[in-house]
Amino acid sequence: MTDVPVSEAKARLTSLVRQAEGGEDVFLTRNGRRVARITAAKDRRVLTPEERMAVIRKAQASAEGKFEPGFSAARSADFLYGDDGLPG
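Rules used in this analysis
- Residues numbered from 1 in each chain as written.
- Predicted model: local features only at pLDDT ≥ 70, side-chain atom pairs only at ≥ 80, totals over all residues.
- Heavy atoms only, no water.
- Helix = DSSP H or I, 4+ residues; strand = E, 2+ residues; numbered from the N terminus.
- Polar contact = N/O pair within 3.5 Å; in protein donor to acceptor, adjacent residues only side chain to side chain.
- Pairing = 2+ DSSP bridges.
- Buried < 20%, exposed > 50% of the residue type's maximum accessible area, 1.4 Å probe, protein only.
- Right-handed = clockwise from strand over helix to strand, strands pointing away.
- Expected span 1.5 Å × (residues − 1).
- Core = buried A, V, L, I, M, F, W, Y, C linked by side-chain atoms within 4.5 Å.
- Contact = heavy atoms within 4.5 Å.
- Bend = angle between axes of the 7 residues up to and from the residue.

Q: Help me understand the environment of Ser15 in this model?
A: With respect to the secondary-structure elements, Ser15 resides in helix H1 (residues 6-21). Engagement of the side chain of Ser15 in a polar contact is seen with the backbone oxygen of Arg12, the distance being 2.9 Å.

Given below as structure tokens:
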């Protein structure tokens, strides 16, 4: 872990990013207090359209039978509001 004052970070940004890419957390400080952190981004694999549909179908299957027939999510929050449309 490295602590670097924000005022110094601007001049050293490239090297600080390289440190983060190498797995080290870099903390930016202001008046000696940590205010931000630079860390390596985790690679996120992009799903193909087929994989996305498989995830959706799995979610739909897990919800099967958990709701009463005729349930509509469109009106599911109506109980939160009065007849005047304001929070009840």
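Q: Sorry if this is basic, but what is going on with the pairing of strand E3 (residues 33-38) here?
A: Both faces of the sheet carry side chains from a regular strand, because those side chains alternate between them. For strand E2 (residues 26-30) and E3, the ladder comprises five bridges, and the chain directions are antiparallel. Directly across from Leu28, in E3, lies its bridge partner Ala36. Connecting the antiparallel pair E2 and E3 is a turn made up of two residues, with Asn31 showing a positive phi of about 55 degrees.

Q: I tried to follow the pairing of E2 on my own but got confused; where do I start?
A: In terms of burial, E2 is largely enclosed, as four of its five residues are buried. Two elements, strand E1 (residues 2-5) and E2, share four bridges in a ladder whose sense is parallel. When the bridges of E2 are listed, Val4 appears paired with Leu28. Between the parallel elements E1 and E2, the chain passes through H1 in a crossover that is right-handed.

Q: I would appreciate a short explanation of helix H2 (residues 49-63) in the present structure.
A: Count 3.6 residues to each turn of an α-helix, and residues three or four apart come out pointing the same way. The end-to-end C-alpha separation of H2 is 21 Å, in line with the 21 Å expected for 15 residues at 1.5 Å each. Among the residues trailing H2, Gly65 stands out with phi positive, at a value near 80 degrees.

Q: How do you make sense of the nonpolar core when you look at a structure like this?
A: For soluble globular proteins, nonpolar side chains are generally found buried alongside one another. Val4, Ala9, Leu16, Ala20, Val26, Leu28 and Ile38 form the largest nonpolar core, which has seven residues in total. Elements with a minimum of two residues in this core: H1 and E2. Residue contributions to this core peak at three residues, all from H1. Beyond its immediate stretch of four places on either side in the chain, Ile38 contacts Leu13, Leu16, Ala20, Glu24, Asp25, Val26 and Leu28.

Q: Can you walk me through H1 in this structure?
A: In this model H1 runs just 19 Å from its N-terminal to its C-terminal C-alpha over 16 residues, more than 12% under the 22 Å that 1.5 Å per residue would give. Taking the largest bend as the criterion, H1 deviates by roughly 85 degrees, centred on Arg12. Those residues of H1 lying buried are Ala9, Leu16 and Ala20. Structurally, H1 contributes buried residues whose contacts are with E1, E2 and E3. Positive backbone phi, approximately 105 degrees, marks Gly23, located one or two places after H1.

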